[in-house]
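What follows is the residue order along each chain.
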Amino acid sequence: MAGSPNRSLELLYCGSSPPKAAEILKDLNLPAIILYSVLTLMAVIANLVYLEEVIYLLRKVPSTNRRATIMWISGAAPVIASTSCIGMWVPLASMITDLTTAVYFAIVIHKFQRMMIEEFGGDEAFLERFENTPVKMSTGPCCCCCLCIPFGKISRRLMFMLKIGTFQLAFLRPVLMIFTLVLWVNGTFSLDDLTPSGPAIWINTSLGVSTIVALWPIGIVFNKVKVELKNQKIIPKFTLYQISFILTQLQAAILNITALSGGIACAPPFSPTARAGYMNQQLLIMEMFIITILSRIYYRRKYNPLEIDEMQDSKKSQIP
């Protein structure tokens, strides 16, 4: 009979939704209080570092597309750390915070491609420099093994197709996320339901295909410009972007699959899937804190007067 209270807790929580914030606060012991405090402090520091970076860009870089794009990209890690911190304290809001993270990072994927082009002064300057030059099309993630694909040539039409490739994710993901949120509020969407009759598997499959399509143009542009932009530290920037993508997309999926297969046990008040999400949020806060610090190192650089003049001329040329 001694184990019956624990058995009752397992039956109560192991198949339920994430616990309320009040339940989390009620069950906090000293180690948990220290952990929550440290993780919250890391999220706050990440946002302060980003705020300092924004102030630097506002002071040192003219108001151009390049400045706005850098702000979007370098803000990815602090935004993810903030949403993960909210999801850690309020587990019931984890669906909303996860959707917010997914939407923001979809925009970042598009913005990263734009940043590589803006480093040359925009579309026209990029075309002027690379038009009719060969570009490797057999890049990851979908065509890295298709070595038979012939080289293409940079043209206005190809540039348009590459932009559409990343923009479709920035457009499609928010639409599907809003649709997912509506279904979740209605009680018809569950991450645990991966049957063909449930919406989760179809939405996730659509997002997976859209993401792979969006990553292909990024690889094409990166392979073309990585030598020319070596001084702008494009390789470590691209590495940080890839790491952020893996951590925000694949880490959550791996933990969720592990929970569904029984690899993560129920720990009241957390069900296995809720505990997987809880673990993912805590890991993301620590990971994004490190990426925020590294981003400040690689994205913050001094712009010489010639570069600033070129940016100002580019801005003037964009004004009709």
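Look up: the structure comes first, before these words.
None of the values given here were measured: they were computed from a predicted structure.

Caption draft 1: Structural detail: the packing of aromatic side chains. Under the counting rule described, the total for this entry stands at 12 aromatic pairs. Seen in terms of ring centroids, phenylalanine 105 and tyrosine 241 are 6.4 Å apart; in terms of plane orientation they differ by 0°. Their pairing is stacked. With phenylalanine 105 in helix α6 (residues 94-118) and tyrosine 241 in helix α10 (residues 234-260), this residue pair connects regions lying 136 residues apart in the sequence. Grouping residues by exposure puts phenylalanine 105 and tyrosine 241 together as buried. An aromatic cluster is built from Phe105, Phe112, Phe222, Phe238, Tyr241 and Phe245, whose rings are joined through pairwise contacts.

Caption draft 2: Expanded view of a nonpolar patch on the surface. On the surface, a nonpolar cluster with roughly 340 Å² of combined accessible area is contributed by Val44, Leu48, Leu51 and Ile55. Within the secondary structure, valine 44 sits in helix α3 (residues 30-60). When its relative accessible area of 43% is taken as the criterion, valine 44 is described as partly exposed.

Caption draft 3: Just the packing of helix α5 (residues 76-89) against α6, in detail. The interhelical angle for the contact between α5 and α6, taken along N-to-C directions, is 170°, at an axis separation of 9 Å. Between α5 and α6, the angle falls in the class roughly antiparallel. Contacts between α5 and α6 involve Ala76, Val79, Ile80, Thr83, Ile86 and Gly87 from the first element and Thr97, Thr100, Thr101, Tyr104, Phe105 and Val108 from the second. For the contact of α5 with α6, a count of residues per class yields seven nonpolar, five polar and no charged.

Caption draft 4: Region of interest: empty space enclosed by the protein. Scanning all chains against the criterion turns up three cavities of 30 Å³ or more. In this structure, the largest cavity spans a volume of roughly 110 Å³. As for the largest cavity, its lining consists of 14 residues, and the residues nearest its centre are Ile73, Ala76, Tyr241, Ser244 and Ser295. Contributing elements (two or more residues each) for the lining of the largest cavity: α4 (65-74), α5, α6, α10 and α11 (272-299). The leading source of residues in the lining of the largest cavity is α10, at four residues. Grouping the constituent residues of the lining of the largest cavity by class yields 10 nonpolar, three polar and one charged.

Caption draft 5: Structural view of the side chain of serine 295. Inspection of the secondary structure puts serine 295 in helix α11. Sequence-distant contacts of serine 295, defined by excluding residues within four places in its chain, comprise Leu240 and Arg300.

Caption draft 6: View of the packing of α3 against α5. Two elements in contact, α3 and α5, have axes whose closest approach is 9 Å; the angle formed by their N-to-C orientations is 155°. Viewed along their axes, α3 and α5 adopt a mutual orientation that is roughly antiparallel. For the crossing formed where α3 meets α5, the hand is left-handed. Only Pro78, Ala81, Ser82, Cys85, Met88 and Trp89 of α5 make contact with α3, whose side of the interface consists of Tyr36, Leu39, Thr40, Ala43, Ala46, Asn47 and Tyr50. For the contact of α3 with α5, the per-class residue count stands at 10 nonpolar, three polar and no charged.

What counts, and where the lines are drawn
- Residues numbered from 1 in each chain as written.
- Predicted model: local features only at pLDDT ≥ 70, side-chain atom pairs only at ≥ 80, totals over all residues.
- Heavy atoms only, no water.
- Phe/Tyr/Trp six-rings, centres within 6.5 Å; stacked < 30°, edge-to-face > 60°.
- Helix = DSSP H or I, 4+ residues; strand = E, 2+ residues; numbered from the N terminus.
- Buried < 20%, exposed > 50% of the residue type's maximum accessible area, 1.4 Å probe, protein only.
- Patch = residues over 30% accessible without salt bridge, like charges linked within 9 Å, V, L, I, M, F, W, Y side chains within 5 Å.
- Areas by Shrake-Rupley, 256 points an atom, 1.4 Å probe, with all protein chains shown as cover.
- Salt bridge = Lys/Arg side-chain N within 4 Å of Asp/Glu carboxyl O.
- Axes fitted to C-alpha atoms, helices over the stretch in contact; angles between N-to-C directions.
- Parallel < 35°, antiparallel > 145°, perpendicular 65-115°, else oblique.
- Contact = heavy atoms within 4.5 Å.
- Nonpolar A, V, L, I, M, F, W, Y, C, P; charged D, E, K, R; others polar.
- 1 Å grid on protein atoms, 1.4 Å probe; cavity = no way out; pocket = protein on both sides within 12 Å on 5 of 7 lines; lining within 4 Å.
- Points joined across faces, edges and corners; volume = space filled by probe spheres on them.
- Left-handed = near helix turned anticlockwise from the far one by under 90°.

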